[in-house]
Amino acid sequence: MEDSVPLKTSNTRLKSARLAAGYHSQQALADALGVGVRQVRRWESEAPPWPHPDLQQALTRVLGQDLEALGFTPPAGHDPVRRTLITGTAAAVGLAAVPSQTSAVIQPASVATDYEAVTRSHRRLYWSVAPATLHPAAVAHATLGCALLPESAGRTRQAVAAALAETWLLAGRIEFFDLCEADRAGATWHRSLQAAGEADDSLLGAAVLAHSAFIPAWTGRRDNAVERMTAARTYARRGPASAELLAWLDAVEAECETRCGNTQTALHLLGHGEDVLAAGGDYESPAWLDWFSPVRLAAFKGNTQLKAGHLPQARATLQGVLDSLPASEEKQRSVILGDLSAVEVAAGNPEAACGYACEALDQLEATWYATGMDRVRDVRRALVPHQHQQCVRDLDERLYGWSTTVSALAR
């Protein structure tokens, strides 16, 4: 439970940074800093006292922002060189993602509209542009957003922060799903969460936290994944969450449970997600929720049925997804073809498995997706008992052909 004291107002900047850094109570932050919880309460009060010198650097290091960004007002005679040294220390260790509003230059309100327009374009380009090409552009756009944020105020600042959060979210998605760089994605999503906090956008916060749950789930750390999903659902309850967003949270948690070997729990979550979508809701989905739909939920379900050993059901579900998938869903198509191939391997049909795997490779040559290639490689490992059959040798010719191999190494 959150520690609190009755106050008219409070230092919301410090509280937001504390939550974004993963300290969900004042006591947790106090423990990290080696101070009493009363000290943290004073810092989160209406008039936070300027921290003692020995705690200034600790606060900056732990929360990744300078003192003024954390809501502290420098006392008269404060040495700006000292503040620069502290901020530099945070930057040197890779912290501090979102600057505070300290610039004397104030951008016009139109800057938010213009910045959002590029964010929106990057979101659409993700589905067709090679990830190695799009990623540097997204990171550069995020760098611009960090520069604009201190020069913005009021609703303009809030809008820029939200677009910045979405940009970091996209960059993290590319790093995790396309470039297979989980650690880098984790750091990027941390920045995204900080920006969402600046925007006070709880739904974006929920999306970032849910994405971050994939990282521990991929290595079987279920408790860590569950904790992040709990946080994501808490954030979703704070905002007008649509049925699609709530169902997507079910799908993400189901994917995490599947990765950790709990397929029955995952199937229950997916059933709940289907019920949520069927019931609908009063709120529209945010524009950035373009990676989810009822078809995508069915894709999650088909993969879980496969992992649970329910092969006839998985085959039917995945075939239905493949038939319903829009033409624009090229990346997802390679994943579904890979899962259908895995179904046929498990069912003892190597020729059918190789057929689907080759279709997936066709798709990957047109639109690269590391997650799709992982599916094909998993299938090839499962085909080892059949590797002397001609269909498997033909698959190897495709899997290790010049174009596929060069694409895999280049991207």
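### Considering the overall build of the chain
Per the secondary structure count, the chain includes 20 helices and 0 strands. Counting the 411 residues in the chain, one finds 50% classified as buried. Here the analysis covers contacts within the chain between residues at least 6 apart in sequence; of these, 66% occur between residues at least 24 apart. Total accessible area computed for the chain in this model is approximately 18,600 Å², and 53% of it derives from carbon and sulfur atoms.

### Examining the nonpolar core
Y126, L164, W248, W288, W291, F292 and V376 are the most contacted members of the largest nonpolar core, which totals 102 residues. Broken down by element, the residue count for this core peaks at 13 residues, all from helix α8 (residues 154–178). Ignoring any residue separated from it by four or fewer positions in sequence, one finds L164 in contact with Y115, A142, G145, C146, L149 and A195.

### Describing helix α2 (residues 26–33)
Given 3.6 residues to a turn, an α-helix orients residues that are three or four positions apart in the same direction. Among the residues of α2, those classed as buried are Q26, L29, A30 and L33. Within α2, the buried residues cover an arc of 100 degrees as seen down the axis, which keeps them to one side. Backbone geometry just after α2 places G34 at a positive phi near 75 degrees.

### Regarding the pattern of salt bridges
As enumerated under the stated definition, the model contains 19 salt bridges in all. Ionic pairing is found between E274 and K301, a salt bridge with its closest N-O pair at 3.2 Å. One end of the pair, E274, is in helix α13 (residues 263–279); the other, K301, is in helix α14 (residues 294–308), and 27 residues separate them in sequence. Taking the relative accessible area as the measure of exposure, K301 reaches 24% and is therefore partly exposed. Across the salt bridge formed by R296 and E329, the nearest N and O atoms sit 2.5 Å from each other. Placement of R296 in helix α14 and of E329 in the loop between α15 (311–324) and α16 (330–346) is noted, with a sequence separation of 33 residues between them. A single burial state applies to R296 and to E329, both of which are buried. Each of R13, R157 and E198 takes part in one network of salt bridges that share partners.

### Here's the deal with the packing of helix α12 (residues 243–259) against α13
Running from N to C, α12 and α13 point in directions that differ by 170 degrees, and their axes come no closer than 8 Å. By the angle between their directions, the pair α12 and α13 is classed as roughly antiparallel. Along the contact surface, α12 presents A243, E244, L246, A247, D250, A251, E253, A254, E257 and T258, while α13 presents T263, T265, A266, L269, L270, H272, G273, V276 and L277. A breakdown of the residues in the contact of α12 with α13 according to their chemical character gives 10 nonpolar, 5 polar and 4 charged.

### So, the confidence of the model for the chain
Averaged over all residues, the pLDDT of the chain is 87; the fraction at 70 or higher stands at 88%. Across residues 1–8, confidence stays below pLDDT 50; counting only partners more than four residues off in sequence or on other chains, it has 16 contacts. A low-confidence stretch, residues 79–97 stays under pLDDT 50, and its non-local contacts, those more than four residues away or across chains, total 21 contacts.

### Here's the deal with the packing of α16 against helix α17 (residues 350–366)
In contact at an axis separation of 8 Å, α16 and α17 are set at 165 degrees when each is read in the N-to-C sense. Considering their axes alone, α16 and α17 lie roughly antiparallel with respect to each other. Handedness of the crossing formed by α16 with α17: left-handed. Together, E330, R333, S334, L337, G338, L340, S341, E344 and V345 of α16 and A352, A353, Y356, A357, E359, A360, Q363 and L364 of α17 make up the contact between the two elements. For the contact of α16 with α17, the per-class residue count stands at 9 nonpolar, 4 polar and 4 charged.

### Overview of the side chain of D396
Residue position: D396 is located in helix α19 (residues 390–399). Beyond its immediate stretch of four places on either side in the chain, D396 contacts R380 and G401.

### Thoughts on unusual backbone geometry
Residues other than glycine seldom take positive phi values, yet C180 does so here, at roughly 60 degrees. Inspection of the secondary structure assignment puts C180 in the loop between α8 and α9 (182–199). Taking the relative accessible area as the measure of exposure, C180 reaches 47% and is therefore partly exposed. Residues other than glycine seldom take positive phi values, yet D200 does so here, at roughly 55 degrees. Secondary-structure assignment places D200 in the loop between α9 and α10 (202–218).

### Describing α9
When the terminal C-alpha atoms of α9 are compared, their 25 Å separation across 18 residues agrees well with the 26 Å that a helix rising 1.5 Å per residue should span. Those residues of α9 that sit buried are A185, T188, W189, S192, L193, Q194, A195, A196 and A199. Immediately beyond the C-terminal end of α9, within one or two residues, lies D200, with a positive phi of roughly 55 degrees.

### Re the packing of aromatic side chains
Inspection of the entire model under this criterion finds 10 aromatic pairs. Taking 6.2 Å as the distance between ring centres and 20 degrees as the angle between the ring planes, the aromatic pair formed by F176 and F214 counts as stacked. A residue pair is termed long-range when its members are at least 10 positions apart, and F176 in helix α8 and F214 in helix α10 qualify at 38 residues. With centroids separated by 5.3 Å and ring planes inclined at 70 degrees, the aromatic side chains of F176 and W218 adopt a geometry described as edge-to-face. A residue pair is termed long-range when its members are at least 10 positions apart, and F176 in helix α8 and W218 in helix α10 qualify at 42 residues. An aromatic cluster is defined as three or more aromatic residues linked by ring pairs; in this entry it consists of F176, F177, W189, F214 and W218. The ring of Y126 has K331 lying over it, and the distance from NZ or CZ to the ring centre is 3.5 Å.

Quick notes on the rules
- Residues numbered from 1 in each chain as written.
- Predicted model: local features only at pLDDT ≥ 70, side-chain atom pairs only at ≥ 80, totals over all residues.
- Heavy atoms only, no water.
- Helix = DSSP H or I, 4+ residues; strand = E, 2+ residues; numbered from the N terminus.
- Buried < 20%, exposed > 50% of the residue type's maximum accessible area, 1.4 Å probe, protein only.
- Contact = heavy atoms within 4.5 Å.
- Areas by Shrake-Rupley, 256 points an atom, 1.4 Å probe, with all protein chains shown as cover.
- Core = buried A, V, L, I, M, F, W, Y, C linked by side-chain atoms within 4.5 Å.
- Arc of directions from axis to C-beta.
- Salt bridge = Lys/Arg side-chain N within 4 Å of Asp/Glu carboxyl O.
- Axes fitted to C-alpha atoms, helices over the stretch in contact; angles between N-to-C directions.
- Parallel < 35°, antiparallel > 145°, perpendicular 65-115°, else oblique.
- Nonpolar A, V, L, I, M, F, W, Y, C, P; charged D, E, K, R; others polar.
- pLDDT = per-residue confidence, 0-100.
- Left-handed = near helix turned anticlockwise from the far one by under 90°.
- Expected span 1.5 Å × (residues − 1).
- Phe/Tyr/Trp six-rings, centres within 6.5 Å; stacked < 30°, edge-to-face > 60°.
- Lys NZ or Arg CZ within 6 Å of the ring centre and 35° of its normal.

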